[in-house]
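Chains, contacts and geometry: an overview
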Amino acid sequence: MLILKRYRWEAGVGARDWLGSALKPGKHSIVFDFKYDGPASAKAAPAWLSVDGKEVSRQSMPHSIAFLMAIDESFDVGVDSRTGVDDSYKLPFQFTGKIDKLTFKLGPTQISSDEQRTIQHARAKASD
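Described in the following lines is the structure provided in the data block. (Residues numbered from 1 in each chain as written. Predicted model: local features only at pLDDT ≥ 70, side-chain atom pairs only at ≥ 80, totals over all residues. Heavy atoms only, no water.)

Within the structure shown, the criterion is met by 4 salt bridges. Here Asp-100 ties to Lys-27 by a salt bridge, and the two come within 3.8 Å at their closest N and O atoms. Taken together, the positions of Asp-100 in the loop between strand S5 (93–94) and helix H2 (113–127) and Lys-27 in the loop between helix H1 (13–19) and strand S1 (30–34) put the pair 73 residues apart, joining distant regions of the chain. With a relative accessible area of 74%, Lys-27 lands in the exposed category. One salt bridge in this structure joins Lys-35 and Asp-33, with 3.6 Å as the shortest N-O distance. When salt bridges that share partners are traced, they join Lys-27, Lys-98 and Asp-100 into one network. (Salt bridge = Lys/Arg side-chain N within 4 Å of Asp/Glu carboxyl O. Helix = DSSP H or I, 4+ residues; strand = E, 2+ residues; numbered from the N terminus. Buried < 20%, exposed > 50% of the residue type's maximum accessible area, 1.4 Å probe, protein only.)

To continue, consider a nonpolar patch on the surface. On the surface, a nonpolar cluster with roughly 770 Å² of combined accessible area is contributed by Phe-75, Val-77, Leu-91, Phe-93, Phe-95, Ile-99, Leu-102 and Phe-104. Position of Phe-104 relative to the elements: it lies in the loop between S5 and H2. Of the residues examined, Phe-104 reaches a relative accessible area of 47% and is grouped as partly exposed. (Patch = residues over 30% accessible without salt bridge, like charges linked within 9 Å, V, L, I, M, F, W, Y side chains within 5 Å. Areas by Shrake-Rupley, 256 points an atom, 1.4 Å probe, with all protein chains shown as cover.)

Below, the discussion takes up the nonpolar core. Membership of the largest hydrophobic core is limited to 9 residues, which are Tyr-7, Trp-9, Ala-11, Ala-45, Ala-47, Leu-49, Val-51, Val-56 and Met-61. Of all the elements in the fold, those that place two or more residues in this core are strand S2 (45–51) and strand S3 (54–61). The element best represented in this core is S2, accounting for 4 residues. Among residues more than four places away in sequence, those in contact with Ala-47 are Trp-9, Phe-32, Asp-33, Phe-34, Ser-57, Arg-58 and Gln-59. (Core = buried A, V, L, I, M, F, W, Y, C linked by side-chain atoms within 4.5 Å. Contact = heavy atoms within 4.5 Å.)

We now examine the pairing of S3. The pairing of S2 with S3 spans 7 bridges and is antiparallel. Residue pairing for S3: Val-51 is matched across the bridge by Lys-54. Where S2 hands over to S3, the hairpin turn is made up of 2 residues, of which Asp-52 adopts a positive phi near 50 degrees. (Pairing = 2+ DSSP bridges.)

What follows deals with the environment of Ser-81. Within the secondary structure, Ser-81 is located in the loop between strand S4 (79–80) and S5. For Ser-81, a relative accessible area of 43% corresponds to the partly exposed category. Along the chain, Ser-81 and Phe-93 lie 12 residues apart, while their C-alpha atoms are 6.5 Å from each other.

On any regular strand, side chains alternate: one points to one face of the sheet, the next to the other face. For S2, a buried count of 7 out of 7 residues is recorded, marking the element as mostly surrounded by other parts of the structure. The alternating pattern of S2 places Ala-45, Ala-47, Leu-49 and Val-51 on one face and Pro-46, Trp-48 and Ser-50 on the opposite face, and all of these are buried. Across 5 bridges, the pairing between S1 and S2 is antiparallel. Residue pairing for S2: Val-31 is matched across the bridge by Ser-50.

To continue, consider the sheet that holds S1. The pairing of strands in a sheet comes from backbone hydrogen bonds and takes either a parallel or an antiparallel form. Across the sheet, which stays open at both edges, the 3 strands sit in the order S1-S2-S3 with antiparallel pairing between neighbours. Each of the sheet's edge strands pairs with one partner strand only, and the pair in question is S1 and S3. For this sheet the average axis-to-axis angle between neighbouring strands, irrespective of direction, equals 15 degrees. (Axes fitted to C-alpha atoms, helices over the stretch in contact; angles between N-to-C directions.)

That's the geometry; what it means functionally is another story.
Encoded structure:
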């Protein structure tokens, strides 16, 4: 399901009435809430983007990625050094603003025994 379709959460027309075309300087709270419909792989994933407590975008991916990501893909905050999440900027990308606080709330991962066996098999193959 990777790159069959790209999803982009951004402020829509209604949100721009109070948000403007870009965030004004100052502190803002940006929340991305991703709810995976697992425990099986490639399940749907509805998600919401909120700015300062107001929802600006909501959509659902009918299928999420069906496999583990490559080990060399990094999880970046304030910089993107590997595969870009969007084609609208050039890599390497570095955010020039200031991030005061970053919070992650990770829910429990529920993996079935069949999925655990598949993951173990894939790990064993990768180490061969």
